[in-house]
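Notes for the structure review
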Amino acid sequence: ASHELRTPLTAIRGYAETLRDGAIESPQAAKTFLDIILRHTIRLSRIVDDLVTLSRAESPDFQMELSPLDVGPVIVEVVRGLESQASKKGQQLVLEIVEDVPKAITNEGALDQVLVNLVDNAIKYTPEGGSIRVRASASPTHVVVEVHNSGPGIPEPHLERLFERFYRVDPGRSRDQGGTGLGLAIVKHMALRMKADVTVESGVGKGATFRVFLPREGA
């Protein structure tokens, strides 16, 4: 965490000192440096927000109320909220909800957070013109929510560590995409709190599929 925080802080300090030492007299340079400072400040804010969320999810004192929930409206709301982000990259964001999906025993806020992280990741790491599919279905014991993307895929050696905090398959590219490196760790710990399982299936050139297995009502 200290390393992730130090990088934007170093940049902010460096550009602020450059402005103080005279660059502020050049309007064009000042605007460029201020834009960079703002970008790193936003990144810091995201890291802190995610650290707080993760710390809360890991705390033994954190209590999560679980109850029967129709997951369909939650998924629809998440997809609608991220449609514009996908359209900016020319991506197709597809929603599939199989008829008669039963209610899941879960927490609406936590499920929303899990799905936002998964769909946001799918959009970030899928090339322009690609596709993302969000699908809900059911097994005899679970309601299954699946997020599939047509991205480059994840090499098999990375799959076991994918849900670790700050772990990145491609560190440089991940930072360029604006990721904090905490999204999938949050997904994992929120899933544990919901008594759900989360899995990933991927391979180079095969895209990636994340599945959340929520306990089914009455199972």
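In short, a report on the structure.

Definitions and limits used
Residues numbered from 1 in each chain as written. Predicted model: local features only at pLDDT ≥ 70, side-chain atom pairs only at ≥ 80, totals over all residues. Heavy atoms only, no water. Helix = DSSP H or I, 4+ residues; strand = E, 2+ residues; numbered from the N terminus. Contact = heavy atoms within 4.5 Å. Core = buried A, V, L, I, M, F, W, Y, C linked by side-chain atoms within 4.5 Å. Buried < 20%, exposed > 50% of the residue type's maximum accessible area, 1.4 Å probe, protein only. Phe/Tyr/Trp six-rings, centres within 6.5 Å; stacked < 30°, edge-to-face > 60°. Pairing = 2+ DSSP bridges. Axes fitted to C-alpha atoms, helices over the stretch in contact; angles between N-to-C directions.

**Topic: the environment of Val98**
Structurally, Val98 can be placed in the loop between β2 (92-97) and β3 (104-106). Taking the C-alpha atoms as reference points, Val98 and His142, 44 residues apart in sequence, are found 14 Å from one another. With near-sequence residues (within four places) excluded, Val98 lies in contact with Arg135, Ala136 and Ser137.

**Let's talk about the nonpolar core**
Phe210 and Leu214 are the most contacted members of the largest nonpolar core, which totals 49 residues. Every element with two or more residues in this core is listed here: α2 (27-58), α3 (71-88), α4 (108-124), β4 (131-138), β5 (142-149), α7 (183-193), β6 (197-202) and β7 (208-215). Take this core: its biggest share by element is 8 residues, from α4. Setting aside residues up to four positions removed in sequence, Phe210 forms contacts with Leu118, Val145, Glu146, Val147, Ile154, Leu162, Phe163, Leu184, Thr199 and Val200. In terms of nonpolar packing, the next biggest core, distinct from the first, is built from 8 residues, Leu19, Ala23, Ile37 and Leu44 among them.

**Quick look at the packing of aromatic side chains**
Applying the stated criterion to the full structure yields 2 aromatic pairs. Ring centres of Tyr15 and Phe33 lie 5.1 Å apart, and the angle between their planes is 40°; this geometry places the pair in the tilted category. One end of the pair, Tyr15, is in helix α1 (residues 2-20); the other, Phe33, is in helix α2, and 18 residues separate them in sequence. Ring centres of Phe163 and Phe210 lie 6.2 Å apart, and the angle between their planes is 85°; on these two criteria the pair is classed as edge-to-face. Note that Phe163 is positioned in the loop between α5 (156-159) and α6 (171-176) and Phe210 in strand β7, a separation of 47 residues in sequence.

**A look at the sheet that holds β6**
Ordered by their spatial adjacency, 5 strands build an open sheet running β2-β4-β5-β7-β6, and the pairing between neighbours is mixed. Since the sheet does not close on itself, it has two edges, and those belong to β2 and β6, each with one partner. When strand polarity is set aside, the average angle formed by the axes of neighbouring strands in this sheet is 15°. Note that β6 and β7 share 6 bridges and pair antiparallel. In the sheet register, Asp197 faces β7, and the bridge partner there is Phe213. Against the sheet, α4 contacts β2, β4, β5 and β7, and its axis sits at roughly 20° relative to β5.

So, to be careful, I would describe these as geometric facts and stop short of saying anything about function.
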